[in-house]
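# Architecture at a glance
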Amino acid sequence: MNAPLRKVAISVLVLFTLLIVNVNVIQVIRAEGLRENSRNTRVLTDEYGRERGAIVVDGNEIASSVETDDTLRYLRTYANGPLYAPVTGYYSVLFGNRGIERVENDVLRGTDDRLFGRRLADLFTGRDPSGGNVELTLEPAVQEAAMAGLAGQVGAVVALDPSTGEVLALASTPTYDPNLLSSHDPAAIRAYDEELDAMETDPRINVGISERYPAGSIFKVVVAAAALASGDYTPETVVPAPQDYILPGTSTDLQNFGNEPCSPTGEQPLIDALTISCNTAFAQLGIDLGEEAVREMAEAFGIDGTGFDIPLPVEGSTIGDIESDAALGQTSIGQRDVALTPMQAAMIAAAVANDGVLMNPYLVESIQAPDLTVLDQTEPEPFSEPFSEEVAAQLTEMMTNVVDEGTGRRAQISGIQVAGKTGTAENAGPDHNWFIGFAPAEDPSIAVAVFIRNGGGTGGDVSAPIARSVIEAHLQGGG
Amino acid sequence: MAAPVNGPGTDPRAAIAPGTAIPTRRGTELLLLGFAVLITLAAHLIIDITVTGSPGTELVTFGIWFSALWLVAHVVVRRFAPYADPLLLPCVAVLSGLGLSMIHRLDIAGTQLGGDEPTSVDAPVQLVWATVGLALFIAVLVIVRDHRALARFAYTLALIGLVLLALPAVLPNSEINGAKLWIRFGGFSIQPGEFAKICLIVFFAAYLVDKRDVLALASRRVLRLELPRGRDLGPVLLAWVASILVLVFERDLGSSLLLFGIFVVMLYVATERASWLVIGLLLFAGGAFVAYQLFSHVRVRVDTWLDPFAYADTGGYQVVQSLFSLGTGGLFGAGLGGGRPDQVPVAKSDFIAAAIGEELGLFGLVAMIVIYLVLVERGLRTSLVVRDGFGKLLAAGLAFSLAWQVFVVLGGVTGLLPLTGLTTPFLAYGGSSLVANFGLVALLVRISDAARRPAATATSTPAKLTDAPTEVVQQ
């Protein structure tokens, strides 16, 4: 029996050699990949073992790390979670980070280069390393008014300070509670994730910046800007405004909202055409201006198909390919392939409000060290200058008229001059409802875009009142 | 490669040379045991200091108890099996010591993270089980003075083995993690399969040594293989069916694979016919294929084995976590108490090897595998040297069962093989496994004592004595 025994002994040696070779492969060759795998919670534990920086709004921490007795030492908690969720995002053991938690992760966890000196000091003083704070530009009252206005609907509100580009509100509904995704209980996180997945609209998607929608009549502001900037038009220039307009080269009959006439005479001043949002007038105006003029103006606003960061990534807005004059006619009233993010819509209003200078929108006011010393402050920068101060004044006059006498009446605030433009965009479902505007018209301190997805009503009925309450919240806040 | 079994001075013929005083090597054993205890206590101390900042209060109690355990074992071996292989016991001591340290480390993992309470207190329980294991070890050495006596109880042991094996399948409430391996009473559960394994190995040895001549008969040659006669296929088919039954009714992939593998290898050793290995392999392949087709739990295991990361949140979670643990450990490991082995599910039992790999690194893990290798090869050498056929087969079966189990478990933990749910002998948390394996080692110690005992005092019959050299010549 000894011959087979020796063979068994050798076989055992071979089996064990296999084990040892395999362990070598895992612990040496694959080690780095395994160590850095995003599912390897050791990295997480390490990260959760440090105090993560806070996200601050108006001096208050809206996201902060609280020490616990859990395996993961610090628990991320969100004061007023659902209110700020579209901005803060979450910090989840299972699903990673989203929102500011994601884009400012390096600062918050303390690995950003701007915190290098601090890290070095921690090393020598033996202080527990902790992350830096991110202070946002949001105004709590404005954000609250925005979320309150959107309640029960799918939509977004973006409010900007037109003179700086500061984002005063970035609201999106439906919202969710980031606390529940950031807990330390995987089962609870999964349960909440499934609950969110089951909803018709995923609340984790920020409607304000992550999706673009048919713009409808708010795009007429861009066409009007192109007309005024051409020098051939003033608000008083009389333009054709028939009841029906057959798009050139087609038999398509472009009609006004409710198929109503814009004017008994079939023509009207440009200011009136915008005030009542006359489709036939703007379709023809766009065609008269030509594709190049309309596209140039749109691109000057940033509508060029490419996205940008605020630092949350903003999806690019577009006016699409315009193949023919007929297409240009439809484009000029914000239909066809025109698709804007609510952020982009707010930027249109902001450009008008800031005398034709569009400022770079930004959400992060400053980056602070854990001891609140400011490490980096965002300086306002112009994004573009789509038109002159004079054109801006003319557009302001026209948009003021929209709110005073036209489709935007429900945005009126007593004692405050509000300028705006409504939009009711056709799509496969019920109409989308838009309103863009700013106030006070003579010295604007807030520009706002309100978007209700498939609201079914008109921009004037559904969105303008929300804009009004957001503007009121800002003005009452002393801003 | 064959060096360990052919070392100088250990040749069977040298061992029986007249007039030479055979060294018992008990002093070596004591020295090595002391070394094993030292390693264990050092590990404990390092863990306490790293995790909690100061030596635990129970360290002294543990140290005394653990040292006493091996001192008693040594004294018993000195008295009842003076010629036993001096390496067997130290290997077991260092493995179980390492296991106890790691279990203690995982116990206090909670304290590490700012908690006041240890996560659990399993190490003292395991120490009690080690003590029970030692009692069994002593009992076996005291009662079984001559291993050949066991052959007489072969069929009784077979019956006990089969009953133990079948028990969890028929008892209610035996399921843990999908496999029915447990008998529970009170707050207390044991895994009878571990004991069944030993009973069945004893039976296989007795049965095969009895029938080896018949089973070795060849009918015809095919491709250089001497095929057995068709009617002699009975036993291997029976073992195969029993393994399949274990798989079906207890969903225990590990035990099924373990028992069938042991049987086939013992059959091969007994008959010296490689054809049995081929037949065993074919039966295994057939069984595995059918099982894969029929049972979802087998399919899940195989799928997650092939690509654990694709099932990282479900079936592959454990293996993926184990790989993370090992990968993070790297070459040198995070140091005892420095890693996060508690993140791997069931780190104390099924995945204790991953915990060792994480904290002691590649070097620690390979050292551990080599200790197992030494233990197994010493067992196989005992088999090579012992003079009677039953002892040979029994030692081979026991040693190979250890090797096979370690291979299947570590292969599972490292992703080389599908996960089986077998326990790492001596190392893993779990009373049944520890106690049963102490019994197993007691048998190996007993046989190795017979193997190294000088011929003059050996009790084997002359007929058996002449057997061994003949076989050596044959090879």
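This section reports on the structure supplied with the text. (Residues numbered from 1 in each chain as written. Chains lettered and ligands numbered in written order. Predicted model: local features only at pLDDT ≥ 70, side-chain atom pairs only at ≥ 80, totals over all residues. Heavy atoms only, no water.)

### Topic: the packing of helix α4 (residues 59-80) of chain B against helix α7 (residues 122-143) of chain B
All names here are of chain B. Basically, it comes down to this: Here an angle of 0 to 180 degrees is reported between the N-to-C directions of two axes, which are lines fitted to C-alpha atoms, with helices fitted over the stretch in contact. Only DSSP runs of H or I with at least four residues qualify as helices, and only runs of E with at least two residues qualify as strands; both kinds are numbered from the N terminus onward. Should an angle fall under 35 degrees it is called roughly parallel, over 145 degrees roughly antiparallel, and 65 to 115 degrees roughly perpendicular, with every other angle called oblique. Here, two residues are considered to be in contact whenever any of their heavy atoms come within 4.5 Å of each other. Under the scheme applied here, ten amino acids are nonpolar (Ala, Val, Leu, Ile, Met, Phe, Trp, Tyr, Cys and Pro), four are charged (Asp, Glu, Lys and Arg), and all others, including Gly, are polar.
Packing of α4 against α7 leaves a shortest axis separation of 10 Å and a crossing angle of 10 degrees. Judged by the inter-axis angle, α4 sits roughly parallel to α7. Each of Phe62, Trp65, Phe66, Leu69, Val72, Ala73, Val76, Val77 and Phe80 in α4 lies in contact with α7, whose residues at this interface are Leu127, Val128, Ala130, Thr131, Leu134, Phe137, Ile138, Leu141 and Val142. Grouping the constituent residues of the contact of α4 with α7 by class yields 17 nonpolar, one polar and no charged.

### Thoughts on the interface of chain B and chain A
Note the cut-off: A quick way to say it: buried area is the sum, across both parts, of accessible area lost when two parts are put together, with a 1.4 Å probe. Think of a salt bridge as a Lys or Arg side-chain nitrogen and an Asp or Glu carboxyl oxygen that are within 4 Å of each other. Each polar contact in these results corresponds to two N or O atoms within 3.5 Å; when the atoms are within protein, one needs to be able to donate a hydrogen and the other to accept it, and residues that are neighboring in sequence are counted only if both atoms are side-chain atoms.
Counting residues at the interface gives 62 residues for chain B, matched by 37 residues for chain A. For the pair chain B and chain A, the summed buried surface comes to about 4500 Å²; carbon and sulfur atoms form 68% of the total. On the surface where chain B and chain A come into contact, there are zero salt bridges. Where chain B packs against chain A, one counts nine residue pairs in polar contact (both at pLDDT 80 or more).

### Description of helix α12 (residues 220-229) of chain A
Residues and elements named next belong to chain A. Applicable threshold: A simple rule labels every residue: compare its accessible area, found with a 1.4 Å probe on the protein chains alone, to the largest value its type can have, and call it buried under 20%, exposed over 50%, or partly exposed in between.
With respect to burial, α12 is a largely interior element, nine of its 10 residues being buried. Those residues of α12 that fall on the buried side of the exposure criterion are Lys220, Val221, Val222, Val223, Ala224, Ala225, Ala226, Ala227 and Leu228. Just downstream of α12, Gly231 is the residue with a positive phi angle, here 85 degrees.

### Observations concerning the sheet that holds strand β23 (residues 446-452) of chain A
Backbone hydrogen bonds are what pair the strands of a sheet, in a parallel or an antiparallel way. Residue and element names in this part refer to chain A. Definition in use: Between any two strands, pairing holds if DSSP finds at least two bridges.
The strand order across the open sheet formed by five strands is β8-β7-β23-β22-β21, and the pairing between neighbours is antiparallel. The open sheet terminates on both sides in strands that have one partner only, identified here as β8 (167-173) and β21 (419-425). Looking at each pair of strands side by side, their axes are set apart by 5 degrees on average, direction ignored.

### Thoughts on a negative patch on the surface
All names here are of chain A. The criterion, for reference: Each patch is built from residues that are more than 30% exposed by relative accessible area and take part in no salt bridge. Like charges join if they lie within 9 Å; nonpolar side chains (Val, Leu, Ile, Met, Phe, Trp, Tyr) join within 5 Å. Surface accessibility follows the Shrake-Rupley procedure with a 1.4 Å probe radius. Residue values consider only the protein chains on display as shielding. Counted as positive: Lys and Arg. Counted as negative: Asp and Glu. His and the chain ends are not counted at all. Charged groups are reduced to one reference atom each: NZ for lysine, CZ for arginine, CG for aspartic acid, CD for glutamic acid.
Judged by side-chain charge, Glu236, Asp272, Glu397, Asp404 and Glu405 come together as a negatively charged surface patch. Here the negative patch gets three residues from one element, more than from any other, and that element is helix α18 (residues 389-405). Checked against the element boundaries, Glu397 lands in helix α18. Given a relative accessible area of 39%, Glu397 falls into the partly exposed group.

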